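# Summary of the model geometry
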Amino acid sequence: MELSDIKALGNGAHSMLRGTVPGRILYIDGDCLAYSCGGGEDSSPASARYNANQVIRNLLTASGAETYKILLTGSGGHKGHRYAVARTKPYQGQRVSGTKPPQWWYLRQLLETGALGEFLLDFDREADDRFGQFGWTDPENTVICTADKDMRMIPGHHLGWRDLSMFYLPPDTYSKVFNDKQYGWKWFWLQMLHGDTADNIPGLPLAYGKKCGEVTAGKLLRGTQSNEDAVEVVRQAYESCYGDSWAVNLSEQACLLWMRSSSDACWEEAIRPGGPLKLLWEAESDAMRQAFRELSGRVQLAKDINDLAAKAIAAGSVEG
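The paragraphs below set out a description of the structure included in this document. (Residues numbered from 1 in each chain as written. Predicted model: local features only at pLDDT ≥ 70, side-chain atom pairs only at ≥ 80, totals over all residues. Heavy atoms only, no water.)

With the rule as written, the count across this model stands at 13 aromatic pairs. Pairing Tyr27 with Phe134 gives two aromatic rings, centres 4.3 Å apart and planes at 10°, and the pair type is stacked. Residue Tyr27 is found in strand 1 (residues 25-29), and its partner Phe134 is found in helix 6 (residues 127-137); the two are separated by 107 residues along the sequence. Of the two residues, Tyr27 and Phe134, both sit in the buried class. (Phe/Tyr/Trp six-rings, centres within 6.5 Å; stacked < 30°, edge-to-face > 60°. Helix = DSSP H or I, 4+ residues; strand = E, 2+ residues; numbered from the N terminus. Buried < 20%, exposed > 50% of the residue type's maximum accessible area, 1.4 Å probe, protein only.)

Put into structure tokens, the structure is as follows:
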């Protein structure tokens, strides 16, 4: 959200007033906030802070929320063990340390000290997973505000980052389209097919011999009305690509893409018998158990390496 957007909202804010709803909480993507208010070449720390406060105020007013929390992913965390789970492509491996807005670091520091309001900083998960936790736990009182498309699978109130339009996605909604964007469970299944280039998640590279981009994914899921329909389409597509190893590849992508609903953000939530792949546990239990064992091994290996590194660092500190 640029300063021009803020001024425009200020001029017409009366049209977006929704009134405060007791108990409603607005959850703001802190990374989006820092990037959008980080300013241009002539920006100053003071202007960046002013812009961020104005954005927060406008979002709070437009959402009708009583309070707000800013969600942040801590630097150096394992992001819910996604780095360990990913084998087909390195998770977020395409990202490089590019140019950030001039005041990005200043705003990030403010956010992590609470200077811009109450915040949650996580190192054992992504901020995205916090959106999932709050949305799945209490959708009626949750407002999700982010420019990130990943949260479209999460129930709750969705507040547009730029236009401040808002709609409610009820729990267990398979498909809902708002502002020409797909929401609900179907969004998860579409991502399982076409992936997420922003996070270097490939999804399914080929479906029946053809590249599986957004168009192909949409065609494959056209006509599906439920998770039961979608999971079978996706399973068959993965089998067409990977043969006997379809289950582990499908499970890998699910663990990367799923916005976790539990407070502890367990990495395996997506492939547990009660998760989004639960129907496959009933129909393909042997293949799913083998996939679970393989992914568990990857995560355990990463944990063991981290433990050894921590011990080595500790030993070096003592010796020094």
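Resuming the write-up.
It is worth spelling out the pairing of strand 6 (residues 166-169) at this point. The two faces of a sheet get side chains in turn, since along a regular strand they alternate between them. Both strand 5 (residues 156-159) and strand 6 contribute to a ladder of four bridges, which runs antiparallel. The partner of His157 across the bridge, within strand 6, is Tyr168. Where strand 5 hands over to strand 6, the hairpin turn is made up of six residues, of which Leu164 adopts a positive phi near 60°. (Pairing = 2+ DSSP bridges.)

What follows is about the sheet that holds strand 6. An order of 3-2-1-4-5-6 is seen for the six strands of this open sheet, with the pairing classed as mixed. Taken across any chain shown, the strands that pair with only one partner, and hence form the sheet edges, are strand 3 (119-122) and strand 6. Across the sheet, the mean angle from the axis of one strand to that of its neighbour is 25°, orientation sign disregarded. Direction of pairing for strand 4 (residues 142-145) relative to strand 5: parallel, over a ladder of three bridges. Bridge assignment links Cys145 to a residue of strand 5, and that residue is Leu159. (Axes fitted to C-alpha atoms, helices over the stretch in contact; angles between N-to-C directions.)

We now examine the pattern of salt bridges. For the structure on display, the rule yields 15 salt bridges. Residue Arg130 is joined to Asp122 by a salt bridge in which the shortest nitrogen-to-oxygen separation is 2.7 Å. Residue Arg130 is classed as buried on the basis of its relative accessible area of 13%. Residue Glu268 is joined to Arg272 by a salt bridge in which the shortest nitrogen-to-oxygen separation is 3.4 Å. Overall, the relative accessible area of 15% leaves Glu268 in the buried class. Three or more residues joined by partner-sharing salt bridges are found here, namely Arg87, Glu252, Glu294 and Arg298. (Salt bridge = Lys/Arg side-chain N within 4 Å of Asp/Glu carboxyl O.)

It is worth spelling out the side chain of His158 at this point. Note on placement: His158 falls in strand 5. We classify His158 as buried; its relative accessible area is 7%. From its side chain, His158 meets the backbone oxygen of Ile154 in a polar contact 2.7 Å long. (Polar contact = N/O pair within 3.5 Å; in protein donor to acceptor, adjacent residues only side chain to side chain.)

Of all 10 residues in helix 7 (residues 185-194), 10 are buried; the element is thus mostly enclosed. For helix 7, every residue scored as buried is listed here: Trp185, Lys186, Trp187, Phe188, Trp189, Leu190, Gln191, Met192, Leu193 and His194. On its buried face, helix 7 is in contact with helix 6, strand 8 (181-183), helix 8 (214-221), helix 9 (227-242) and helix 10 (246-257). Looking one or two residues past helix 7, Gly195 carries a phi angle of roughly 75°, positive in sign. (Contact = heavy atoms within 4.5 Å.)

On to the nonpolar core, then. By size, the foremost hydrophobic cluster in this structure holds 53 residues, and its most contacted members are Ile154, Phe188, Trp189, Met192, Leu193, Leu250 and Leu277. At the level of elements, helix 4 (82-85), helix 6, helix 7, helix 8, helix 9, helix 10, helix 11 (278-283) and helix 12 (285-319) are the ones that each hand at least two residues to this core. Looking at which element gives the most residues to this core, the answer is helix 10, with eight residues. The residues touching Leu250, leaving out its near neighbours within four places in the chain, are Met192, Val234, Arg235, Tyr238, Leu277 and Leu280. Counting residues in each nonpolar core, the second largest holds 27 residues, with Ala48, Ile56, Tyr68 and Leu110 among its members. (Core = buried A, V, L, I, M, F, W, Y, C linked by side-chain atoms within 4.5 Å.)

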